[in-house]
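Letter by letter, the chains look like this.
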Amino acid sequence: MSTTAPWWRSAVIYQVYIRSFADGNGDGVGDIAGLRSRLPYLKSLGVDALWINPWYKSPMADGGYDVADFREIDPLFGTVAEAEQLIEEAHGHGLRVIPDIVPNHTSDQHAWFRAALAARPGSPERERYVFRPGRGPDGTQPPNNWVSVFGGPAWTRLPDGDWYLHLFAPEQPDLNWQHPEVREEFESILRFWFSRGVDGFRIDVAHGLIKDPALPDLPPGPHARHPHWDRDEVHDIFRTWRRLAAEFDGDRAFVAEAWTDTPERLAAYVREDGLHTAFNFDFLMASWDSKDLRTVIDDSLTLLSTVDAPATWVLSNHDVMRHASRYGRKKVTRWSPTEPYRPEGVLDPALGTRRARAAALLMLALPGGAYVYQGEELGLPEVEDLPESVLQDPIWERSGHTDRGRDGCRVPLPWSGRSAPYGFSPDNASAAPWLPQPADWSERTAQAQTGDKASMLELYRTALNLRRDHPALGDSTLTWLDSPEGVLVFSRTPGFTCVVNLSGEPYPLPEHTSVLVSSGPVQDGLLAPDHAAWLAR
Ligand code: NOJ
């Protein structure tokens, strides 16, 4: 790998879901103070950067994705001064910092939306959002048939009769990106944080900013152009953002959360004059199946290379069931993002852990960058039995209690000790963690796993640190080697081979000089089913 390639082409980025990472002030919610205290842990883990979920001032109707002020840190998490200290300290540890930016919508408590509510229908204050009169003789029908991602109609009616659009919760009104003030405001927000030292941004719902101005009904069945997702005009915005990032020194970079129908459409986000990288959700959605995974890997690499963008790989995040639990079923369902993930069959935790270990070695050996979602390095499972009374994700209410939502992957991390809060909060904490932690997590704490060679944490540490130093890993290409059905084998130059055995039979390791790391013991040169190994050649 060229040493002059920008960092974002090969970085491993650790996702900090801040409210569940580490609680510094004892109020049961993770915060900047907690994160600062754990920077040495992240440094020793061997990651390159941190993506921090929204930390801005917010009424928290959607875990902070409802932002009331993009230039303030929510008091739950800290202050702007603390954020600046965090950025400086992270940089001191060689870790870059990428906050989330949420440009598709604001909170209903944002000054602009409050001004819009106080103004009359048709007023300039309402033009920064998407307000429309209703349909039907007395306007009681929503302006069109769009539905909210969280369930129910995408429109809410105000007492004055006007309706406003929210592709997510009603507390998250969509901004009107045809309005110049919206564009200027976000450019100013980006500058505000870039000048405080952030290394880039993760762009929430990057594919949703532009709506068809005619707001047509969503037609039934397949349609050529979606009226509000992945519209071509969105790339104009990101061309400007790329130029803006380049005004600052030090390779600032964007990563798009963009859901597209095809890898071709995704590649359009990461052209040379567009964003730097985008999440590749196809990898996360794939089942535990060698053909499925290989197709996703090949399609992603082929298409991204046409625009000279690096691939990114991700197995879990704060929106989907943790992969140790997805993979812990005999049959791993392919996930479709328009539906909640519904696992089939009984959880076999040992199977899930085995596959999660193998998946980590696969992901970290692929060309490009990778994302590690906090807790996956501890092998955390989804908490599938949270009592209904504690569920906080708006999806639970909006779905009429048919979809439990995403709280199960957001449970606060276990750091140390034998019982909750497992070091998540300090000893003298005034409140319990905001979601209850399972009683059987004492063996999963970072402390319990540290130094245990067989633990998930030490597997991640070993692999991440090897990846850092190995000249074959990171950006560049791979070559598939012949292998029987169910086994993935690829080499990377110089001198590296990765083997993943998804078949039901032990597989004899191909030629090698040493085993760099394996997800389980290799006996008589055989790699057991659901295991992976990195080999030196
Ligand atoms: C995607 C984020 O990842 C998710 O957590 C959030 O609910 C929606 N965007 C809305 O902002």
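Residues numbered from 1 in each chain as written. Predicted model: local features only at pLDDT ≥ 70, side-chain atom pairs only at ≥ 80, totals over all residues. Heavy atoms only, no water.

(A) The arrangement of the overall build of the chain in detail. Check the secondary structure of the chain and you find 14 helices and 20 strands. Expected size for 537 residues packed as a compact globule is a radius of gyration near 24 Å; at 23 Å, the chain falls within 12% of this value. Seen through its principal axes, the chain has C-alpha atoms that stretch 75 × 55 × 50 Å. The buried share among the 537 residues of the chain stands at 59%. Carbon together with sulfur atoms contributes 51% to the accessible area of the chain, which is approximately 20,800 Å² in total. Placing the 52 positive and 75 negative side-chain charges of the chain at their respective mean positions leaves the two points 1 Å apart. (Helix = DSSP H or I, 4+ residues; strand = E, 2+ residues; numbered from the N terminus. Rg over C-alpha atoms; globule rule 2.2 N^0.38 Å. Buried < 20%, exposed > 50% of the residue type's maximum accessible area, 1.4 Å probe, protein only. Areas by Shrake-Rupley, 256 points an atom, 1.4 Å probe, with all protein chains shown as cover. Lys, Arg positive; Asp, Glu negative; His and termini not counted. Charge placed at Lys NZ, Arg CZ, Asp CG, Glu CD.)

(B) Main features of the nonpolar core. Counting 153 residues, the largest nonpolar core has Tyr 14, Trp 55 and Trp 193 as the members making the most contacts within it. For this core, the element with the most residues is helix 11 (residues 349-365), which contributes nine residues. With near-sequence residues (within four places) excluded, Trp 55 lies in contact with Ile 18, Ile 32, Glu 72, Ile 73, Asp 74, Phe 77, Ala 83, Leu 86, Pro 99 and Trp 193. Ala 154, Trp 155, Trp 163 and Val 205 belong to the second-largest nonpolar core, a separate cluster that totals 13 residues. (Core = buried A, V, L, I, M, F, W, Y, C linked by side-chain atoms within 4.5 Å. Contact = heavy atoms within 4.5 Å.)

(C) Summary view of the sheet that holds strand 15 (residues 487-492). Spatially, five strands are ordered 14-15-16-20-18 in an open sheet, and the strand pairing comes out antiparallel. On the outer flanks of this sheet lie strand 14 (479-480) and strand 18 (514-518), each paired with one strand and no other. Where strand 16 (residues 496-501) lies against strand 20 (residues 531-536), six bridges are found, and the strand directions are antiparallel. Its bridge partner being in strand 20, Thr 497 is matched across the sheet by Leu 535. (Pairing = 2+ DSSP bridges.)

(D) Structural detail: the environment of Gln 374. By the element assignment, Gln 374 lies in the loop between strand 13 (369-373) and helix 12 (394-398). Residues Gln 374 and Ser 316, spaced 58 residues apart in sequence, show a C-alpha to C-alpha distance of 9.0 Å. Apart from the residues within four sequence positions on either side, Gln 374 is in contact with Tyr 14, Gln 15, Val 16, Tyr 17, Ser 20, Phe 21, Arg 322 and Leu 413. Within the structure, the side chain of Gln 374 is placed 2.7 Å from the backbone nitrogen of Tyr 17, a separation counted as a polar contact. (Polar contact = N/O pair within 3.5 Å; in protein donor to acceptor, adjacent residues only side chain to side chain.)

(E) Quick peek at the sheet that holds strand 6 (residues 131-132). The strand order 6-8-7 describes an open sheet built from three strands, whose pairing is antiparallel. In this open sheet, the two strands that pair with only one neighbour each are strand 6 and strand 7 (155-157).

(F) Structural detail: the pairing of strand 10 (residues 253-256). Across the two faces of strand 10 the burial is the same, with Ala 253 and Val 255 and Phe 254 and Ala 256 all buried. One ladder, built from four bridges, connects strand 9 (residues 200-203) with strand 10; its direction is parallel. Note that in strand 10 the partner of Gly 200 across the bridge is Ala 253. Alignment of strand 10 against strand 11 (residues 277-278), held across two bridges, turns out to be parallel. If you follow Ala 256 over to strand 11, its bridge partner there is Ala 278.

(G) View of the site of the ligand. Around the ligand there are 14 residues in total, and Asp 62, His 105, Asp 204, His 318 and Asp 319 lie nearest to it. Between the ligand and Asp 62 there is a distance of 2.6 Å, counted from an oxygen atom to a side-chain nitrogen or oxygen. The fraction of the free accessible surface of the ligand (300 Å²) that becomes covered by protein chains is 97%. Grouping the amino acids of the shell around the ligand by side-chain chemistry returns four nonpolar, three polar and seven charged. (Near = heavy atom within 4 Å. Nonpolar A, V, L, I, M, F, W, Y, C, P; charged D, E, K, R; others polar.)

(H) Representation of the domain arrangement of the chain within the structure. For the chain, the domain assignment lists domain 1 (7-102 + 181-380 + 442-460), domain 2 (111-165) and domain 3 (478-536). Computed from C-alpha coordinates alone, the two centres of domain 1 and domain 3 are separated by 28 Å. At the interface, 21 residues of domain 1 touch 21 residues of domain 3. When the two sides are added together, the surface that domain 1 and domain 3 hide from each other amounts to roughly 1,700 Å², 70% of it contributed by carbon and sulfur. Summed over the shared surface of domain 1 and domain 3, the result is two salt bridges. (Domains from an automatic or database assignment. Buried area = accessible area lost by both parts, 1.4 Å probe. Salt bridge = Lys/Arg side-chain N within 4 Å of Asp/Glu carboxyl O.)

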